[in-house]
Amino acid sequence: MAESFQDTFGCMFIALVIDLICYGAGFLAIMQYFRSGFWTTDTFTVRFVVISLALLSSVHVTTFIAWAYDDLILRFGAFMRLDDMPRTAISQLLAIYLVSFISQSFFVSRIWFLTKNVWVSLPIALLALLNISAGLAQTILSAEGGTFSNLVNTKVVTSIQVGATAGCDLSITIALCIIFNKKRTGMRLTDTLLDKLILYAINRGAVTTLAAIFNLVLFVLRPEAMIFMIALLPSCQFYVLSVIASLNSRTSMREGTSTGNIVSVPLEPMHPQGQTPSGIHVSTNVVTWGQNSDDRDSKLHNHALDQHKYDV
């Protein structure tokens, strides 16, 4: 059944507007990353991820605009030619798959860093590999088909790719929430920090997972239309924002737990002057422990804060 112009290129135009707005937000987040000084302190791997996401998201937006200009301006009135899929459309599709894979690989590496458990990290990594493999296959099939109407013949590969994407994003979210929850110590500040990390993880996964699910449902129900593109095309920027925003959040997390001078208040009767208590103390920053006591919980708080650049 032939789809209306509103359900095809009208949806593409809506996706373009959303994509440009999210790209602007992502560009500001990347600029904030550089201005905050993280660029000089983060590892080479993290910096490589940031640069790759910045370049690929720019390629995605540039080719998206070129595709829209080609279809809506250069081919204006030539309705029979609108079904042809330009190379710019293929390029921006490939950029989406690469960005999603880099983002997922980044979070999988953080999960491995936190758990050192292959049975937790490996299944999620395999989903990420399935995502990029099916994405590359989808890109090749789309290029060989050469038309938008041919996308209906790629339903199986597309369903595998989108299903792997949603499954990987959901698994990352669940894994991070479980990891953070297990690190609770009972200390208010530490648990508050972990609550924020869990919230960041949920927000990160919710947007990308829902976008993938909507993309799958809309594509399966109406593959001839371009309604699914409203969820698919801006997802490139969603992945960029999920990584960069989590890296930038380290600034607010540190400011929220920094209180200048530390004042210790003992949780036991005060000792006479000249004697040093060895029990638990509470400070305005963390719970501290005396010299003769175990300092595990205090270190866990600092560890949770320092590892935030790897966690979320």
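Reading the values: the criteria
- Residues numbered from 1 in each chain as written.
- Predicted model: local features only at pLDDT ≥ 70, side-chain atom pairs only at ≥ 80, totals over all residues.
- Heavy atoms only, no water.
- Helix = DSSP H or I, 4+ residues; strand = E, 2+ residues; numbered from the N terminus.
- Buried < 20%, exposed > 50% of the residue type's maximum accessible area, 1.4 Å probe, protein only.
- Contact = heavy atoms within 4.5 Å.
- 1 Å grid on protein atoms, 1.4 Å probe; cavity = no way out; pocket = protein on both sides within 12 Å on 5 of 7 lines; lining within 4 Å.
- Points joined across faces, edges and corners; volume = space filled by probe spheres on them.
- Nonpolar A, V, L, I, M, F, W, Y, C, P; charged D, E, K, R; others polar.
- Phe/Tyr/Trp six-rings, centres within 6.5 Å; stacked < 30°, edge-to-face > 60°.
- Core = buried A, V, L, I, M, F, W, Y, C linked by side-chain atoms within 4.5 Å.
- Axes fitted to C-alpha atoms, helices over the stretch in contact; angles between N-to-C directions.
- Parallel < 35°, antiparallel > 145°, perpendicular 65-115°, else oblique.
- Left-handed = near helix turned anticlockwise from the far one by under 90°.
- Salt bridge = Lys/Arg side-chain N within 4 Å of Asp/Glu carboxyl O.
- Expected span 1.5 Å × (residues − 1).

**As for the environment of Ala 68**
Within the secondary structure, Ala 68 sits in helix H3 (residues 44-74). Taking relative accessible area as the criterion, Ala 68 reaches 7% and is therefore assigned buried. Linking Ala 68 and Ala 89, residues 21 residues apart in sequence, is a C-alpha distance of 8.8 Å. In this view, Ala 68 contacts Met 12, Leu 16 and Ile 73; residues no more than four positions away in its chain are not counted.

**As for empty space enclosed by the protein**
Across all of its chains, the model carries two cavities of 30 Å³ or more by this definition. Estimates place the volume of the largest cavity at around 170 Å³. Leu 93, Leu 151, Phe 228, Met 229 and Leu 232 are, among the 20 residues lining the largest cavity, the residues nearest its centre. Going through the elements one at a time, helix H4 (87-115), helix H5 (118-145), helix H6 (155-182), helix H7 (188-221) and helix H8 (229-232) are the ones with two or more residues in the lining of the largest cavity. The biggest single contributor to the lining of the largest cavity is H4, with five residues. Tallied by class, the residues present in the lining of the largest cavity amount to 14 nonpolar, six polar and no charged.

**Thoughts on the layout of surface pockets**
Within this model, the second largest pocket holds a volume of roughly 180 Å³. Around the second largest pocket sit 10 residues that line it, and Asn 203, Arg 204, Leu 241, Ser 242 and Ala 245 are the ones nearest its centre. The element contributing the most residues to the lining of the second largest pocket is helix H9 (residues 235-257), with five residues.

**Describing the packing of aromatic side chains**
Geometry of an aromatic ring pair is reported as the spacing of the ring centres plus the angle between the planes. Scanning all chains against the criterion turns up nine aromatic pairs. Aromatic side chains Tyr 23 and Phe 27 sit 6.5 Å apart centroid to centroid with 35° between the ring planes, which places their arrangement in the tilted category. Note that Tyr 23 and Phe 27 are positioned in helix H1 (residues 5-35) at a spacing of four residues, about one turn of the helix. Note on Tyr 23: relative accessible area 21%, which makes it partly exposed. Here Trp 67 and Phe 148 contribute two aromatic rings whose centre-to-centre distance is 5.5 Å and whose plane-to-plane angle is 20°, an arrangement assigned as stacked. Here Trp 67 is found in helix H3, whereas its partner Phe 148 is found in the loop between H5 and H6, with 81 residues between them in sequence. The residues Trp 67 and Phe 148 share a single accessibility class, namely buried. Of the aromatic side chains, those joined through ring pairs into one cluster are Tyr 33, Phe 34, Phe 38 and Trp 39.

**A few points about the nonpolar core**
Of all hydrophobic cores here, the largest spans 64 residues; its most connected members are Trp 67, Phe 148, Ile 172, Phe 180, Leu 233, Val 243 and Ile 244. Contributing elements (two or more residues each) for this core: H1, H3, H4, H5, H6, H7, H8 and H9. A per-element tally of this core places H4 first, with 12 residues. Other than its neighbours up to four places away in sequence, Phe 148 contacts Trp 67, Asp 71, Leu 82, Asp 83, Asp 84, Met 85, Pro 86, Ala 89, Met 226 and Met 229.

**Quick word on the packing of H6 against H7**
Two numbers describe how H6 lies on H7: the axes approach to 9 Å, and their chain directions differ by 165°. On the basis of their axis angle, the class for H6 and H7 is roughly antiparallel. The way H6 lies across H7 gives a crossing that is left-handed. Residue classes in the contact of H6 with H7 are distributed as 17 nonpolar, nine polar and three charged.

**Side note on the pattern of salt bridges**
If you walk through the whole model with that rule in mind, you get one salt bridge. Between Asp 195 and Arg 184 there is a salt bridge, with its nearest N and O atoms 2.5 Å apart. Remark: Arg 184 occurs in the loop between H6 and H7 and Asp 195 occurs in helix H7; sequence separation between them is 11 residues. Judged by its relative accessible area of 37%, Asp 195 falls in the partly exposed class. Accessibility expressed as a relative area gives 34% for Arg 184, which makes it partly exposed.

**So, H5**
The terminal C-alpha atoms of H5 lie 39 Å apart, and with 28 residues this matches the ideal 40 Å at 1.5 Å per residue to within 8%. The set of residues buried in H5 consists of Ser 121, Ile 124, Ala 128, Asn 131, Ile 132, Ala 134, Gly 135, Gln 138, Thr 139 and Ser 142. Residues of H5 that are buried sit in contact with H4 and H6. Count one or two residues on from H5 and you reach Gly 146, which has phi positive near 80°.

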